[in-house]
Amino acid sequence: MQTDSNTATLEQEPFSAIFVRSPNQDYSKYKFDNFQDVLQLAAEYGIAHEFTDIPVPPEYPSECLEFFDDTRRCSIAFMTPSIAAIDTLKVTKEDISEVYETSLRLNSECGNVKILDQKLIADLMDNKPIYLFFKQGFLKACSDQEAQAFTKFHKALRKYLKSVDDFSNLEYQIKEAKLKARTAEQAKLIDSALGVKWRGVFAIQWRMLHDNNYLGTQKKTTVAHVRLLDDYQNGRLKRSTGQTLCGAKSKFGYSDDMDDMKSYLITCPKCLAMTGLD
Ligand SMILES: [Zn+2]
């Protein structure tokens, strides 16, 4: 089976009404900011990805523009129970000889009630299939050529939108790796400055207990302190196990009391000053 996207056929992926996309949607709003920098950082942190060039959105198939003419709209008269129950119906002249005859008759009798346009009728007469489906409450019809183009565009667009997601995920992984590296580097310096066991914690605040997202996230508005896991003395300064280095107290406890095993980049200015890291 061919897998080249240029040779996509309906046999590989059956046409569905959800593939029909308006030409007016703008997919160029997705930005791949600092693309080369992000790739370089990914390499530095050893994060795997599949990017080489900045992904570009697929071009809208010009052969599908005509579909959005109102003349392609089918009449409600088509809405037989068997058609209404299905998503997309592939029909040939033989399949719908009755409907086909009706279309021809109605098209000729009522000039203002278009059932199928001349192109679709011509396709049926040439024994080419057409597709019927519901879109935004209307029964619509498209040609086999349009269905193929919609399907191909849909596949290309899905691939593009996945790359948008993948890129944002890569940016997130880099951000996490950066923070982890910085936290590890800082922890080494604090280890050697204190000489006792400690861990990074943030003080739980009342409003955080009422926030669904308080677990595992370091709030920008909350500083992380050094919390001592051993008694500590440095000159006149004495701290016992469980206290914060800077002496800050927390009415609601600390993040590690919530079984939160994450370590945090220390951001409390007082704690940093007391370890000589401000
Ligand atoms: Zn502190």
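Residues numbered from 1 in each chain as written. Predicted model: local features only at pLDDT ≥ 70, side-chain atom pairs only at ≥ 80, totals over all residues.

Moving on, we get to the overall build of the protein chain. The number of helices and strands found in the protein chain is seven helices and seven strands. In sequence order, the secondary structure elements of the protein chain are arranged as α-α-β-α-α-β-β-α-β-α-β-β-β-α. Counting the 278 residues in the protein chain, one finds 21% classified as buried. Relative to all contacts within the protein chain whose residues are 6 or more apart in sequence, the contacts with residues 24 or more apart total 74%. (Helix = DSSP H or I, 4+ residues; strand = E, 2+ residues; numbered from the N terminus. Buried ≥ 20, exposed ≤ 12 C-beta atoms within 10 Å, placed from the backbone. Contact = placed C-beta atoms within 7 Å.)

Here we come to the packing of helix α1 (residues 35-44) against helix α5 (residues 144-194). Helix-helix packing is described using two parameters, namely the angle between the two axes and the distance between the axes. Following both chains from N to C, one finds α1 and α5 inclined at 50 degrees, their axes separated by 10 Å at the closest point. Put simply, α1 runs oblique to α5. Here α1 and α5 pass one another in a crossing that is left-handed. Only Leu170, Glu171 and Ile174 of α5 make contact with α1, whose side of the interface consists of Val38, Leu41 and Ala42. (Axes fitted to C-alpha atoms, helices over the stretch in contact; angles between N-to-C directions. Parallel < 35°, antiparallel > 145°, perpendicular 65-115°, else oblique. Left-handed = near helix turned anticlockwise from the far one by under 90°.)

For Asn34, which is not glycine, the phi torsion reads 50 degrees and is therefore positive. Within the secondary structure layout, Asn34 lies in the segment before α1. Backbone geometry at Asn127 places phi at a positive 65 degrees, although glycine is not the residue there.

Turning next to the sheet that holds strand β3 (residues 138-143). Strands in a sheet are paired, the pairing made by backbone hydrogen bonds, and the direction either parallel or antiparallel. Here we have three strands laid out as an open sheet, ordered β1-β2-β3, and antiparallel in their pairing. The sheet terminates laterally at β1 (88-91) and β3, the two strands that pair on one side only. This sheet shows a mean twist of 25 degrees between the axes of neighbouring strands, independent of strand direction. Summarising the sheet, β1 and strand β2 (residues 130-135) pair through four bridges and their orientation is antiparallel. (Pairing = 2+ DSSP bridges.)

This next bit is on helix α4 (residues 118-125). Because the α-helix completes a turn every 3.6 residues, residues three or four places apart line up on one side. Of all the residues in α4, the buried ones are Leu120, Asp123 and Leu124. Along the axis of α4, the buried positions cluster into a sector of 100 degrees, meaning they face one direction only. Turned more than 90 degrees away from the buried face of α4, the exposed residues are Gln118, Ala122 and Met125. After α4 finishes, the residue Asn127 shows a positive phi value of roughly 65 degrees. (Arc of directions from axis to C-beta.)

Moving on to the confidence of the model for the protein chain. The share of residues in the protein chain with pLDDT of 70 or more is 73%, and the mean pLDDT across the chain is 80. Here helix α2 (residues 81-84) is the element of the protein chain with the lowest mean pLDDT, 51, and α1 is the one with the highest, 96. The model gives residues 1-10 a pLDDT under 50, and that stretch makes 13 contacts with residues more than four places away or in other chains. (pLDDT = per-residue confidence, 0-100.)

Let us now look at the nonpolar core. Ile130, Tyr131, Ala141, Cys142 and Phe150 are the most contacted members of the largest nonpolar core, which totals 19 residues. Where this core is concerned, the elements lending two or more residues are α4, β2, β3 and α5. Discounting residues that sit within four places of it in the chain, Tyr131 has contacts with Phe15, Thr88, Leu89, Lys90, Ala141, Cys142 and Ala147. One finds Val201, Val223, Tyr254 and Ile266 within the second-largest nonpolar core, a separate group that totals 16 residues. (Core = buried A, V, L, I, M, F, W, Y, C linked by C-beta atoms within 7 Å.)

Turning to the pairing of strand β4 (residues 198-202), a few remarks are in order. Every other side chain in a regular strand lies on the same face of the sheet, so the side chains alternate between the two faces. The buried fraction of β4 amounts to five of the five residues, a majority that puts the element mostly inside the structure. Where burial is concerned, the two faces of β4 agree: the one with Trp198, Gly200 and Phe202 and the one with Arg199 and Val201 are both buried. As judged from the five bridges shared by β4 and strand β5 (residues 224-228), these two strands associate in the antiparallel manner. Looking at the pairing, Trp198 lines up with Leu228 of β5.

Looking at the element boundaries, Phe153 is found in helix α5. When near neighbours in sequence (up to four residues on either side) are disregarded, Phe153 contacts Arg21, Pro58, Tyr60 and Pro61.

Attention shifts here to the environment of Ser240. With respect to the secondary-structure elements, Ser240 resides in the loop between β7 (237-239) and α7 (269-274). As for Ser240 and Leu229, which are separated by 11 residues in sequence, their C-alpha atoms are 8.2 Å apart.

In this section: the environment of Asp144. Within the fold, Asp144 resides in helix α5. You can call Asp144 partly exposed: it has 17 C-beta atoms within 10 Å. Sequence spacing of Asp144 and Lys128 is 16 residues, and the spatial spacing of their C-alpha atoms is 7.1 Å. Contacts of Asp144, omitting those with residues within four sequence positions, involve Asp123, Lys128, Pro129 and Ile130.

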